[in-house]
Amino acid sequence: MHYHNSDDASYNRHLRNAAPTAYKGLMEFDKAVFEETDSGLDRRTKELIAVAVAATTQCPYCIDAHVKNAHKEGATEAEVAAAVMISAALRAGGSFTHGWMAMKVLDNA
């Protein structure tokens, strides 16, 4: 069994049917985030941010969807790669700064 399959989205109906109100709210929120224009961010920029976050959260489904959306919005290979590298830098930074906590705990042990 593979944990991540392209046909996993077919299970979406189970969530939609079992929790219709929450499901509808989530779908409306997602749509609002990407379609609103008050932020000053265009759709391409939002999708590149989503690529970086998807890489950080390691969600293969989000990576698939947002890379495709970014490409549709005109993002280049270099821009997608930059989003991924920004994600990598922040993940490394998080590990590094949590290392301070490890040193603090060790110092106080």
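The model shown is predicted, which means the values in this text are computed figures rather than measured ones.

*Asks:* Can you explain the overall build of the chain? Please cite residues and give values.
*Replies:* Along its length, the chain carries 5 helices and 0 strands. Shown N-terminal to C-terminal, the secondary structure of the chain runs as helices and strands in the order α-α-α-α-α. Its C-alpha atoms give the chain a radius of gyration of 18 Å, clearly above 13 Å, the size a compact globule of 109 residues would have. Dimensions along the principal axes, computed over C-alpha positions, put the chain at roughly 50 × 35 × 35 Å. For the chain, the residues scored as buried account for 14% of the 109 residues in total. Excluding contacts between residues fewer than 6 apart, the proportion of contacts in the chain whose partners are at least 24 apart in sequence is 51%. Counting only carbon and sulfur atoms, one obtains 64% of the accessible surface of the chain, whose full area is about 8500 Å². The average position of the 11 basic charges and that of the 14 acidic charges among the side chains of the chain differ by 5 Å.

*Asks:* Give me the packing of helix 3 (residues 43-57) against helix 5 (residues 77-107): which residues, what numbers.
*Replies:* Viewed as axis vectors pointing N to C, helix 3 and helix 5 meet at an angle of 45 degrees, and their least axial separation amounts to 8 Å. Between helix 3 and helix 5, the interaxial angle falls into the category oblique. Seen along the crossing, helix 3 lies across helix 5 with a hand that is right-handed. For the pair formed by helix 3 and helix 5, the contact residues are Arg44, Leu48, Val51, Ala52, Ala55, Thr56 and Thr57 on the first element and Glu79, Val80, Ala83, Val84, Ser87 and Arg91 on the second. In the contact of helix 3 with helix 5, the residues fall into 7 nonpolar, 3 polar and 3 charged.

*Asks:* Requested: an account of unusual backbone geometry, with residues and values cited.
*Replies:* A negative phi angle characterises most non-glycine residues, just as the trans form characterises most peptide bonds. Here Gln58, not a glycine, exhibits a phi torsion of approximately 60 degrees, which is positive. Relative to the helices and strands, Gln58 is located in the loop between helix 3 and helix 4 (60-72). The class of Gln58 is exposed, set by a relative accessible area of 56%.

Cut-off values and rules
Residues numbered from 1 in each chain as written. Predicted model: local features only at pLDDT ≥ 70, side-chain atom pairs only at ≥ 80, totals over all residues. Heavy atoms only, no water. Helix = DSSP H or I, 4+ residues; strand = E, 2+ residues; numbered from the N terminus. Rg over C-alpha atoms; globule rule 2.2 N^0.38 Å. Buried < 20%, exposed > 50% of the residue type's maximum accessible area, 1.4 Å probe, protein only. Contact = heavy atoms within 4.5 Å. Areas by Shrake-Rupley, 256 points an atom, 1.4 Å probe, with all protein chains shown as cover. Lys, Arg positive; Asp, Glu negative; His and termini not counted. Charge placed at Lys NZ, Arg CZ, Asp CG, Glu CD. Axes fitted to C-alpha atoms, helices over the stretch in contact; angles between N-to-C directions. Parallel < 35°, antiparallel > 145°, perpendicular 65-115°, else oblique. Left-handed = near helix turned anticlockwise from the far one by under 90°. Nonpolar A, V, L, I, M, F, W, Y, C, P; charged D, E, K, R; others polar.

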